[in-house]
Amino acid sequence: MQWKVLAVGDVVADTGLAMIRKHLPRLRRQVDFTVVNGENAANLGITPSQAEEIFAAGADVITLGNHTFGRREICDYLDDHPRMLRPANLAPQLPGRGFGVFDSPAGPVAVIDLIGRCNMDYGPDNPFLLVDKLLAQVSTPRILVEIHAEATSEKLAMGHMLDGRVSAVWGTHTHVPTADAQVLPQGTGYITDLGMTGPKLSILGIRPSMSIARFRGDLGGRYQPAPGPGKLEGAVFTLDGEGRCLAVERVSIHD
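Colleague: Looking at this structure, I do not really get the overall build of the protein chain. What am I missing?
Modeller: A tally of regular secondary structure across the protein chain gives 6 helices and 14 strands. Taken against the 2.2 N^0.38 rule, which gives 18 Å for 255 residues, the C-alpha radius of gyration of the protein chain at 17 Å falls within 12% of a compact globule. With the C-alpha coordinates aligned to their principal axes, the bounding extent of the protein chain is approximately 55 × 40 × 35 Å. Taken across its 255 residues, the protein chain has 58% of its residues classed as buried. Within the protein chain, residue pairs in contact and separated by at least 24 positions form 62% of the contacts whose partners lie at least 6 positions apart. Surface summary for the protein chain: the accessible area is close to 10800 Å², and the carbon and sulfur share equals 51%. Where the 24 positive side-chain charges of the protein chain centre and where its 28 negative ones centre are 4 Å apart.

Colleague: Help me understand the side chain of Asp 10, please; the structure alone is not making it clear to me.
Modeller: Within the element layout of this structure, Asp 10 appears in strand 2 (residues 10–11). Look at Asp 10: it is buried, it has no salt bridge, and the nearest opposite charge is Lys 155 at 7.7 Å. Separated by 3.4 Å, the side chains of Asp 10 and His 175 make a polar contact. The contacts of Asp 10, once residues within four sequence positions are left out, are Asn 37, Glu 39, Asn 40, His 148, Thr 172, His 173, His 175, Gly 195, Met 196 and Thr 197.

Colleague: What is the right way to look at the sheet that holds strand 6 (residues 99–102) in this model?
Modeller: Strands pair in a sheet through their backbones, by hydrogen bonds, and they do so in one of two ways: parallel or antiparallel. Within the open sheet, the 6 strands sit side by side as 6-7-8-9-11-10. Their pairing is mixed. Every interior strand has two partners, whereas the edge strands, strand 6 and strand 10 (182–183), have only one. Alignment of strand 10 against strand 11 (residues 189–191), held across 2 bridges, turns out to be antiparallel. The partner of Gln 182 across the bridge, within strand 11, is Tyr 190. Packed on one face of the sheet, helix 4 (residues 127–135) meets strand 6, strand 7 (109–115) and strand 8 (143–148) and runs near 160 degrees to strand 7.

Colleague: Could you clarify how one ought to interpret the nonpolar core in this entry?
Modeller: Here is a general trend for soluble globular proteins: nonpolar side chains tend to be buried in one another's company. Ranked by size, the top nonpolar core spans 32 residues in total, and within it Ile 20 and Met 84 carry the most contacts. Among the secondary structure elements, those contributing two or more residues to this core are strand 1 (2–8), helix 1 (13–28), helix 2 (48–57), helix 3 (74–80), strand 13 (230–240) and strand 14 (245–254). Among the elements that take part in this core, helix 1 stands out by supplying 5 residues, more than any other. Dropping the residues within four chain positions of it, Met 84 is found in contact with Ile 46, Ala 51, Phe 55, Ile 62, Leu 64, Ile 74, Tyr 77, Leu 78 and Arg 97.

Colleague: Would you mind showing me how to read the packing of aromatic side chains here?
Modeller: Here a ring pair, both rings aromatic, is described through the centre-centre distance and the interplanar angle of the planes. Under the criterion given, the structure shown has 1 aromatic pair. Positioned above the aromatic ring of Phe 55, the side-chain terminus of Arg 83 is 4.2 Å from the ring centre.

Colleague: How do you make sense of the pairing of strand 6 when you look at a structure like this?
Modeller: As a general feature of sheets, a regular strand has side chains that alternate between the two faces. Residue alternation in strand 6 divides its side chains into a buried set, Gly 100 and Phe 102, and an unburied set, Phe 99 and Val 101. Judged from the 4 bridges that link them, strand 6 and strand 7 form a sheet pairing that is antiparallel. If you follow Gly 100 over to strand 7, its bridge partner there is Val 111. If you look at the hairpin formed by strand 6 and strand 7, you'll find 6 residues sitting between the two strands, and Gly 107 has a positive phi there, around 120 degrees.

Colleague: Can you walk me through helix 1 in this structure?
Modeller: Residues three or four positions apart in an α-helix share a direction because the helix packs 3.6 residues into each turn. If you check helix 1, its first and last C-alpha atoms are 21 Å apart, about what 16 residues at 1.5 Å a residue would give, namely 22 Å. Its maximal kink placed at Lys 22, helix 1 deviates by approximately 35 degrees, while the proline Pro 25 follows within four residues. Of all the residues in helix 1, the buried ones are Ala 13, Thr 15, Gly 16, Leu 17, Met 19, Ile 20, His 23, Leu 24 and Leu 27.

Colleague: Looking at this model, I keep getting lost on unusual backbone geometry. Mind explaining?
Modeller: Positive phi values are uncommon outside glycine, yet Ala 13 reaches one of about 60 degrees. On the secondary structure map, Ala 13 appears in helix 1. You will see that Asn 43, though not glycine, has its phi angle at about 75 degrees, which is positive. Residue position: Asn 43 is located in the loop between strand 3 (33–37) and helix 2. Owing to a relative accessible area of 15%, Asn 43 belongs among the buried residues under this scheme.

Colleague: I tried to follow the pairing of strand 9 (residues 168–172) on my own but got confused; where do I start?
Modeller: Buried residues dominate strand 9, accounting for 5 of its 5 residues. Alternating positions in strand 9 separate into two faces, Ala 168, Trp 170 and Thr 172 on one and Val 169 and Gly 171 on the other, with burial throughout. Where strand 8 and strand 9 come together, 5 bridges link them in parallel fashion. Residue pairing for strand 9: Val 145 is matched across the bridge by Val 169. Handedness of the crossover joining strand 8 and strand 9 through helix 5 (residues 152–162) is recorded here as right-handed. Relative to strand 11, strand 9 is paired through 3 bridges, and the arrangement is parallel. Within the sheet, the bridge partner assigned to Val 169 lies in strand 11 and is Tyr 190.

Calculation notes
- Residues numbered from 1 in each chain as written.
- Predicted model: local features only at pLDDT ≥ 70, side-chain atom pairs only at ≥ 80, totals over all residues.
- Heavy atoms only, no water.
- Helix = DSSP H or I, 4+ residues; strand = E, 2+ residues; numbered from the N terminus.
- Rg over C-alpha atoms; globule rule 2.2 N^0.38 Å.
- Buried < 20%, exposed > 50% of the residue type's maximum accessible area, 1.4 Å probe, protein only.
- Contact = heavy atoms within 4.5 Å.
- Areas by Shrake-Rupley, 256 points an atom, 1.4 Å probe, with all protein chains shown as cover.
- Lys, Arg positive; Asp, Glu negative; His and termini not counted.
- Charge placed at Lys NZ, Arg CZ, Asp CG, Glu CD.
- Salt bridge = Lys/Arg side-chain N within 4 Å of Asp/Glu carboxyl O.
- Polar contact = N/O pair within 3.5 Å; in protein donor to acceptor, adjacent residues only side chain to side chain.
- Pairing = 2+ DSSP bridges.
- Axes fitted to C-alpha atoms, helices over the stretch in contact; angles between N-to-C directions.
- Core = buried A, V, L, I, M, F, W, Y, C linked by side-chain atoms within 4.5 Å.
- Phe/Tyr/Trp six-rings, centres within 6.5 Å; stacked < 30°, edge-to-face > 60°.
- Lys NZ or Arg CZ within 6 Å of the ring centre and 35° of its normal.
- Expected span 1.5 Å × (residues − 1).
- Bend = angle between axes of the 7 residues up to and from the residue.
- Right-handed = clockwise from strand over helix to strand, strands pointing away.

Structure representation (structure tokens):
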């Protein structure tokens, strides 16, 4: 038996949500389980109504990252909706949960959301140590791990450490898709970054002029999403009945 998992890169602003509404229902019919990173749906953070849109379009699980609490109205929603995950290695007193086990046509699927520490502006728990503790609590062989991190080396290290222990590891946060989709030697699917679902003609979803001004040292303002056409980026992992990855294929849809 083979089954497929779709992982969708960071949804950014209204353009990203429009791409999800337009394309995810069709993509969802071609796979068995879908995970969408939604932490930038409100540009910085996500609202409950935006989460509902993403679930309605076909997401089985929504993951978050360093902007989890960019919109504080999501706090109660996180506690009440186990299918939305914030990074597991954030402080334990924060709302929400960082992993869960969910139903799928292939059987139970565990999803773990982690955040990296290299070049991030705060100090969550060590994701490499925490993931070992979480895996000890999981009995299903079908395990998906997202690491929301800045450094490619940190993401690669997580992938190689978990090779043969989980079905797939993918990275998010940097909004640029990487060309290293692969099956690691012990059977774990891997890609360093899924990319972004949002404005195509942008710098990480933001108006290019605003990002350029920041690098020039000009007077800046609050970042605004770029106008124009959108794109949806991610990857499909083909797994066998035992949770081993057989293939990884990038997804890139441009309007």
